[in-house]
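# Coordinates in review
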Amino acid sequence: MVKRQDLVLRVCALGFDTRSYMALQLFFQGKCSDKANLSGEEGADLAIIDLDSFNSAKILAAERERYPHRPLILLSLEEQHDSLPGSIYIKKPVQIQNMLAALDDMRSRLSGAKSPDRVVPFKTIPETSEVPANPAVAASRPAKVKVFVAREETQNTGYAASLLDEKGFGDYIGSLQDIDAGNPLELRAAQYDPRRHFQGYLQSACKAALSKNCALRLNTGWKPITIFPQSREIWIDADDQQLRSFCLVPVHSIADLDFADGGSAVMTVTPASAVKAKDEEYDPSKVQRMDALVWKVALWTSAGRVPDDIDLTRPVYLRHWPNFTRLLVFPHAMRVAAVLSEQPRSLLEVARVLNIRQQYVFAFFSAARAIGLADQAVRQAENLIAPPPIEPPKNAGILRKILHRLIGR
Amino acid sequence: MANYKIIFTGPVGAGKSTAIASLSDEPPVSTDESASDMTKERKSSTTVALDYGVLQLAGGEKIHLYGTPGQERFDFMWDILSSGGIGLILLLDNTRADPFQDMRFFLDAFKGFIEQTKVVIGVTQMDLSPRPTIEDYHRQLHGMGKNIPAFEVDARVRKDMAMLLQALLYSLDPGL
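Scope of this entry: the structure provided in the associated data block. All values reported here derive from a predicted model rather than from experimental measurement. (Residues numbered from 1 in each chain as written. Chains lettered and ligands numbered in written order. Predicted model: local features only at pLDDT ≥ 70, side-chain atom pairs only at ≥ 80, totals over all residues. Heavy atoms only, no water.)

### Here's the deal with the overall build of chain B
For clarity, the cut-off: Going along the chain from the N terminus, every DSSP run of H or I of four or more residues is numbered as a helix, and every run of E of two or more is numbered as a strand. Pairs of residues are marked as contacts when any of their non-hydrogen atoms sit within 4.5 Å. Residue burial considers only the protein chains on display, and all accessible areas are found by Shrake-Rupley using a 1.4 Å probe.
Check the secondary structure of chain B and you find six helices and seven strands. Traced from its N-terminal end to its C-terminal end, chain B shows the element sequence β-α-β-β-β-α-β-α-α-β-α-β-α. Taking all contacts inside chain B whose residues are at least 6 apart in sequence as the whole, residues at least 24 apart take part in 68%. For chain B, the computed accessible surface area is about 7,700 Å², with 49% contributed by carbon and sulfur atoms.

Quick look at the structure:
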């Protein structure tokens, strides 16, 4: 069972422009991937608010109204003297050490543990004294606002970006610790709703394009996406890094960030020109295979989680192996495919028999389901008899040597 | 020391020789002859004996890569070649008139071997002929009551062939 203080914090980021959000995303995926993850507003343990955004006052007021007890990390260029109970203020430019320290502080508070002494490279502004209007209320308030002022240090975000690439697929999944399916809190942490993200809209749009057999444009409010059903290709003018950041933003948050087309709060689908070969608008280098893109989007969005309508204790099935040579392959994906293609099993059991972290199984299932290859088993027979254990063949030793030779170990 | 081998099979022009060359640690041995009869239109030369390559493993062990001749009149060799093999890699050429018929033929020809081991399917030339799709192959396999890994591959690309071989290994033992 995972202790609360070991849980990865879910952090929602409010009031950020796209570029700043992506920078924040890089930070969470790199330096503090084992401490906190960016998530949607609902269910987040704490919120980070950019006080310099144009509608920050409105965002802050709405946040305090909806989630009065949720702690805040507030970012601003200006020094803040007005204290907000339960908040930590970080002066911009935000330094990694200060954000890490603030997150550690928040984790300690949320777990109820004593905040550890630490040396951090920032200057602490003496806390201002407060004159509370109601002494009784003041007595019950938590500790005063801590203020971090960063030293002038250079940050090599380019290095962070290359680390993201070089570290391999682990960064795509993020870090989700194994859960106890009997614990509702942990179960919730391992689930997500694809319909509340770009993934859901992309899947629906692809389905519509294929059923109507006509090219469609998905208007995301960010970049348009054109779907060509006959060639099963998708055109999108975005690189993987941009697309991945977009995948993690809940759809309603996209509306809040106010770059939706024409003020629309949802994504829309419109007919598109199918003559892509002759249309100068479509740069061929930006075309991707439909299955490969949907697979990637699902992997990024899932972040090692599973759609919230899936029962982790009931068997799931895999129709057939994914076309791995044309998809983004990640650790243990083939092993999971091998197990599930033999017989339906629950996702928890697959992780157990393969002795791998659940997040790999969950990510595989989320991606496979997104491209129509997997789903929850519904036949009663699949729940009745436990699947047999996996027995290694007699020549397992030589097979392992061949595998190591192929993957360069 | 035990001899281990992996068998590559499939119709003429599917890319067996190329696939072995992509994987082999040594220059592959190939016995080509000028093509005769119906194969001539597909290739100017064809393998009439066999292709041979080798994967060097740590500890000095070798995995022998054998490619069966693609011509049916040499099918008596297939049994000999496949004896003692670890598994089968079936390559299918998507530009042929009826790749599904090819698939059924070879899966039936190696039925006994497949029952003892495993098979994976690599579909080549999909850049030239995108249909049938991989999903179409799976539909055919489902109709035959089979669930076999099938990937789109370029036989010239080592990464594709290595991935296909990995799928074979994991099919044999997911616990690897």
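Picking up where we left off.
### A closer look at the sheet that holds strand β12 (residues 268-271) of chain A
Strand pairs in the sheet, formed through backbone hydrogen bonds, run parallel or antiparallel to each other. All names here are of chain A. The line we're drawing: Here, any two strands with at least 2 DSSP bridges between them count as paired. Structural elements are reduced to axes, namely lines fitted to C-alpha atoms, with helices fitted over the stretch in contact, and the angle between N-to-C directions of any two is expressed from 0 to 180 degrees.
The sheet built from five strands is open, its strands ordered β12-β9-β10-β11-β13 with antiparallel pairing. Both edges of this open sheet fall to β12 and β13 (287-289), since each of them pairs with a single strand only. Averaged over all pairs of adjacent strands, the angle between their axes in this sheet comes to 25°, without regard to strand direction. Bridge analysis of strand β9 (residues 216-219) against β12 gives four bridges, and the strand direction is antiparallel. By the bridge assignment for β12, Asn219 is matched with Thr268. Contacts from helix α11 (residues 290-302) reach β10 (225-228), β11 (233-236) and β13 within the one sheet, and its direction differs from that of β13 by about 85°.

### Things to note about the layout of surface pockets
All names here are of chain A. Keep this limit in mind: Here a cavity denotes grid points, spaced 1 Å and computed from the protein atoms alone, that fit a 1.4 Å probe unable to get out, and a pocket denotes an open set having protein on both sides within 12 Å along at least 5 of 7 lines; residues with an atom within 4 Å of a point are the lining. Grid points are joined across faces, edges and corners, and a volume is the space filled by probe spheres set on the points. Ten residues, namely Ala, Val, Leu, Ile, Met, Phe, Trp, Tyr, Cys and Pro, are considered nonpolar, four, namely Asp, Glu, Lys and Arg, are considered charged, and the remaining ones, Gly among them, are considered polar.
Each pocket or cavity is described by its volume, and for the largest pocket that value is around 1,400 Å³. Around the largest pocket, the lining is made up of 45 residues, and of these Leu210, Arg232, Met290, Asp291 and Ile371 lie nearest the centre. The element that contributes the greatest number of residues to the lining of the largest pocket is helix α8 (residues 198-212), accounting for seven residues. Residue classes in the lining of the largest pocket are distributed as 16 nonpolar, eleven polar and 18 charged.

### Quick look at the interface of chain A and chain B
Test applied: Two parts placed together each lose some accessible area; with a 1.4 Å probe, that loss summed over both constitutes the buried area. Counted as salt bridges are all cases of a side-chain nitrogen of Lys or Arg within 4 Å of a carboxyl oxygen of Asp or Glu.
Chain A puts 34 residues into the contact, and the matching count from chain B is 37 residues. Buried area between chain A and chain B, summed over both chains or domains, comes out near 3,100 Å², and the portion from carbon and sulfur atoms is 63%. The largest share of the area that chain A buries against chain B comes from Trp321(A), Arg405(A) and Leu406(A), three residues that together contribute 21% of it. Among the ionic pairs, Asp25(B) bridges to Arg405(A), the shortest N-O distance being 2.3 Å. Those elements giving two or more residues to the side of chain A that touches chain B turn out to be α12 (333-342) and α16 (396-406) of chain A.

### Some details on the environment of Asp45(A)
Residue and element names in this part refer to chain A. For the record, the criterion: Burial classification: accessible surface area is computed with a 1.4 Å probe over protein chains only, and a residue below 20% of its type maximum counts as buried, one above 50% as exposed, and the rest as partly exposed.
Looking at where Asp45 falls in the secondary structure, it is placed in the loop between β2 (36-38) and β3 (46-50). On the accessibility criterion, Asp45 (16% relative accessible area) is buried. As a C-alpha pair, Asp45 and Cys12 span 33 residues in sequence and 8.0 Å in three-dimensional space.

### Section: the pattern of salt bridges
Side chains bearing opposite charge may pair, as long as their charged atoms lie close to each other. For the structure on display, the rule yields 22 salt bridges over all chains. Salt-bridge contacts for Arg369(A) lead to Asp309(A); the nearest nitrogen and oxygen are separated by 2.8 Å. One end of the pair, Arg369(A), is in helix α14 (residues 358-370); the other, Asp309(A), is in the loop between β14 (306-307) and β15 (315-318), with 60 residues separating them in the sequence. When its relative accessible area of 49% is taken as the criterion, Asp309(A) is described as partly exposed. One network of salt bridges, with partners in common, ties together Arg289(A), Asp291(A), Arg326(A), Glu152(B) and Asp160(B).

### A closer look at the nonpolar core
Heads up, the rule is: Residues belong to one nonpolar core when they are buried, are Ala, Val, Leu, Ile, Met, Phe, Trp, Tyr or Cys, and are joined through side-chain atoms within 4.5 Å.
Counting 95 residues, the largest nonpolar core has Phe198(A), Leu202(A), Phe324(A), Phe364(A) and Ile402(A) as the members making the most contacts within it. If near-sequence neighbours (up to four positions away) are discounted, Leu202(A) is found in contact with Leu218(A), Ile225(A), Ile234(A), Leu293(A), Val294(A) and Val297(A).

### Structural notes on α16(A)
Applicable threshold: The arc in question is formed by the directions pointing from the helix axis toward the C-beta atoms.
Looking only at α16(A), the buried set comprises Ala396(A), Ile398(A), Leu399(A), Ile402(A), Leu403(A) and Leu406(A). The buried residues of α16(A) occupy one face: seen down the axis, they fall within an arc of 165°.

### Here we look at the sheet that holds β15(A)
All names here are of chain A. One open sheet holds the three strands; their spatial order is β16-β15-β17, and the pairing between them is antiparallel. Looking at the sheet topology across the chains shown, the edges are occupied by β16 (345-346) and β17 (374-376). With two bridges joining them, β15 and β16 adopt antiparallel strand pairing. Across the sheet, residue Val316 finds its bridge partner in β16, namely Arg345. Contacts from α12 reach β15 and β16 within the one sheet, and its direction differs from that of β15 by about 105°.

### Notes on the packing of helix α3 (residues 99-109) of chain B against helix α5 (residues 134-143) of chain B
Relative orientation and spacing of two packed helices are given, respectively, by the angle between their axes and the distance between those axes. Residues and elements named next belong to chain B. Let me state the cut-off plainly: Oblique is the label for any angle not under 35 degrees, not over 145, and not in the 65 to 115 range, which are roughly parallel, roughly antiparallel and roughly perpendicular in turn. Rotating anticlockwise by less than a right angle from the far helix to the near helix defines a left-handed crossing, while the corresponding clockwise rotation defines a right-handed one.
Orientation of α3 relative to α5, taken along the N-to-C sense of each, is 45°, at an axis distance of 11 Å. Considering the angle they form, α3 stands oblique to α5. Where α3 crosses over α5, the two elements pack in a sense that is right-handed. Facing Pro99, Phe100, Met103, Arg104 and Leu107 of α3, the residues of α5 in contact are Asp136, Tyr137, Gln140 and Leu141. Here the residues of the contact of α3 with α5 are counted per class, giving six nonpolar, one polar and two charged.

### Quick word on the packing of helix α1 (residues 16-23) of chain B against helix α6 (residues 158-172) of chain B
Residues and elements named next belong to chain B. Packing of α1 against α6 leaves a shortest axis separation of 9 Å and a crossing angle of 90°. Judged by the inter-axis angle, α1 sits roughly perpendicular to α6. The residues of α6 that touch α1, namely those facing Ala19, Ser22 and Leu23, are Arg158, Met161, Ala162 and Leu165. For the contact of α1 with α6, a count of residues per class yields five nonpolar, one polar and one charged.

### Some details on the environment of Phe246(A)
Residue and element names in this part refer to chain A. The topology assignment puts Phe246 in helix α9 (residues 240-247). On the accessibility criterion, Phe246 (5% relative accessible area) is buried. Residues Phe246 and Thr220, spaced 26 residues apart in sequence, show a C-alpha to C-alpha distance of 9.9 Å.

### Let's talk about the pairing of strand β1 (residues 4-9) of chain B
All names here are of chain B. Counting buried residues along β1, five of its six residues qualify, which places the element largely inside the surrounding structure. Examined bridge by bridge, β1 and strand β4 (residues 62-67) share five bridges and lie parallel to one another. Bridged to Lys5 within β4 is His64. Two strands pair when backbone bridges link them, and β1 and strand β5 (residues 85-93) are joined in this way by five bridges, in the parallel orientation. Residue pairing for β5: Phe8 is matched across the bridge by Ile89.

### Re the packing of aromatic side chains
Ring pairs (aromatic) are described by centroid distance and by the angle formed between their planes. All names here are of chain A. So the rule is basically this: Any two of the Phe, Tyr and Trp rings considered here, Trp counted by its six-membered ring, make a pair once their centres fall within 6.5 Å; the pair's planes then place it as stacked at under 30 degrees, edge-to-face at over 60, or tilted in between. Put simply, a charge is over a ring when the Lys NZ or the Arg CZ is close to the ring centre, within 6 Å, and near the line of the ring normal, within 35 degrees.
Following the criterion strictly, the structure yields twelve aromatic pairs over all chains and no others. Between Phe324 and Phe364 the ring centres are 6.4 Å apart and the planes differ by 40°, which places this aromatic pair in the tilted class. Residue Phe324 is located in the loop between β15 and α12, and its partner Phe364 is located in helix α14; the two are separated by 40 residues in the primary sequence. You'll find Phe324 and Phe364 in the same group, each marked buried. Over the aromatic face of Tyr67 sits the side chain of Arg70, whose NZ or CZ is 3.8 Å from the ring centroid.

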